Amino acid sequence: MASEQTFIMIKPDGVQRGLIGEVISRFEKKGFYLKGLKLQNVEKSFAEQHYADLSSKPFFAGLVEYIVSGPVVAMVWEGKSVVSTGRKIIGATNPLASEPGTIRGDFAVDIGRNVIHGSDSVESARKEIALWFPEGI
Ligand code: DAT
Ligand code: MG
């Protein structure tokens, strides 16, 4: 598999709980390369755009409210199969179902406060990187 890029975001709870270093460390130690990083507060409309695919879900409004509740860390990581491997490092969406050893498995219990986002496909990664890093990386 050729080298690829993924978009990873540490959500407001992860930032507030002091997990920035822990998350970066896990991706670095695996052997991935950090290509872009910024600490950012996002507007409601921006969060809605990021999660546009989920706009019909009953939890959408709460999800958007959570993402705008404090600064997030937006990152681009690069490496072999980084999209799918990044999802494995992150763990299942519901932290109660995430394996121990994954980020969500080790640091979260609530699906609505699950610390971190990672692109779910190469195509989503491309869109998310373009949205979050319009200036380029
Ligand atoms: P993931 O973040 O694992 O890609 P997703 O894209 O399906 O999961 O959903 C995006 C976020 O929305 C997820 O990280 C947490 C929240 N979410 C998903 N399903 C939920 C649910 N049933 N109740 C509350 N929040 C939910
Ligand atoms: Mg998703």
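Residues numbered from 1 in each chain as written. Chains lettered and ligands numbered in written order. Predicted model: local features only at pLDDT ≥ 70, side-chain atom pairs only at ≥ 80, totals over all residues. Heavy atoms only, no water.

What follows concerns the sheet that holds strand 4 (residues 116-118). One open sheet accounts for 4 strands, arranged 2-3-1-4; its pairing is antiparallel. A single partner strand is all that each edge strand has here, and the edge strands are strand 2 (33-40) and strand 4. Within the sheet, the average angular offset between the axes of one strand and its neighbour, ignoring direction, is 20°. Examined bridge by bridge, strand 1 (residues 3-10) and strand 4 share 3 bridges and lie antiparallel to one another. (Pairing = 2+ DSSP bridges. Helix = DSSP H or I, 4+ residues; strand = E, 2+ residues; numbered from the N terminus. Axes fitted to C-alpha atoms, helices over the stretch in contact; angles between N-to-C directions.)

Next up on the list: the UniProt feature "active site" (unreviewed entry) in the protein. Within the UniProt annotation, "active site" (unreviewed entry) is assigned to His117. As for its position among the elements, His117 is in strand 4. Once residues within four sequence positions are removed from consideration, His117 is found in contact with Phe7, Ile8, Met9, Lys11, His50, Tyr51, Ile90, Arg104 and Glu128. (UniProt positions renumbered as here; feature names shortened; annotations may be inferred. Contact = heavy atoms within 4.5 Å.)

The next thing to look at is helix 2 (residues 20-30). Along helix 2, the residues that are buried comprise Val23, Ile24, Arg26 and Phe27. Viewed along the axis of helix 2, the buried residues span an arc of 155°, placing them on a single side of the element. Structurally, helix 2 contributes buried residues whose contacts are with strand 1, strand 2, strand 3 (72-80), helix 5 (82-90), helix 6 (103-107) and strand 4. A positive phi of about 115° marks Gly31, the residue just after helix 2. (Buried < 20%, exposed > 50% of the residue type's maximum accessible area, 1.4 Å probe, protein only. Arc of directions from axis to C-beta.)

Note that side chains of opposite charge can pair when their charged atoms are close. Counted under the stated rule, the structure contains 5 salt bridges. In this structure, the salt-bridge partner of Arg126 is Glu123, at a minimum N-O distance of 2.8 Å. Here Glu123 and Arg126 lie together in helix 7 (residues 122-132), a separation of 3 residues that amounts to about one turn. Here Glu123 falls in the partly exposed class, since its relative accessible area comes to 41%. (Salt bridge = Lys/Arg side-chain N within 4 Å of Asp/Glu carboxyl O.)

Looking at the protein as a whole, its pLDDT mean stands at 97, while 99% of the residues score no less than 70. The ipTM, which scores confidence in the relative placement of chains, is 0.98 for this predicted complex, and the corresponding pTM is 0.98. (pLDDT = per-residue confidence, 0-100.)

Turning our attention to the site of ligand 1. Looking at ligand 1, the residues that line it are Lys11, Tyr51, Leu54, Phe59, Leu63, Arg87, Thr93, Arg104, Ile111 and Asn114. The side chain of Arg87 places a nitrogen or oxygen atom 2.7 Å from an oxygen atom of ligand 1. Between ligand 1 and Thr93, the relevant distance is 2.5 Å, taken from an oxygen atom to a side-chain nitrogen or oxygen of the residue. Protein chains bury 73% of the 520 Å² of accessible surface belonging to ligand 1 in isolation. Structurally, ligand 1 is housed in the largest pocket. (Near = heavy atom within 4 Å. Polar contact = N/O pair within 3.5 Å; in protein donor to acceptor, adjacent residues only side chain to side chain. Areas by Shrake-Rupley, 256 points an atom, 1.4 Å probe, with all protein chains shown as cover. 1 Å grid on protein atoms, 1.4 Å probe; cavity = no way out; pocket = protein on both sides within 12 Å on 5 of 7 lines; lining within 4 Å. Sits in = over half its atoms within 2 Å of the grid points.)

Turning to the side chain of Ser124, a few remarks are in order. Tracing the sequence through the fold places Ser124 in helix 7. Given a relative accessible area of 17%, Ser124 falls into the buried group. Within polar-contact distance, the side chain of Ser124 engages the side chain of Asp120 at 2.5 Å.

Another aspect to go through is the layout of surface pockets. Quantified by volume, the largest pocket comes out at close to 750 Å³. Every residue lining the largest pocket is counted, 27 residues in all, and those nearest its centre are His50, Tyr51, Leu54, Leu63 and His117. If you list the elements that add at least two residues to the lining of the largest pocket, you get helix 3 (44-50), helix 4 (60-67), strand 4 and helix 7. Tallying contributions element by element places helix 7 first for the lining of the largest pocket, with 5 residues. Taken together, the residues of the lining of the largest pocket break down into 8 nonpolar, 10 polar and 9 charged. (Points joined across faces, edges and corners; volume = space filled by probe spheres on them. Nonpolar A, V, L, I, M, F, W, Y, C, P; charged D, E, K, R; others polar.)

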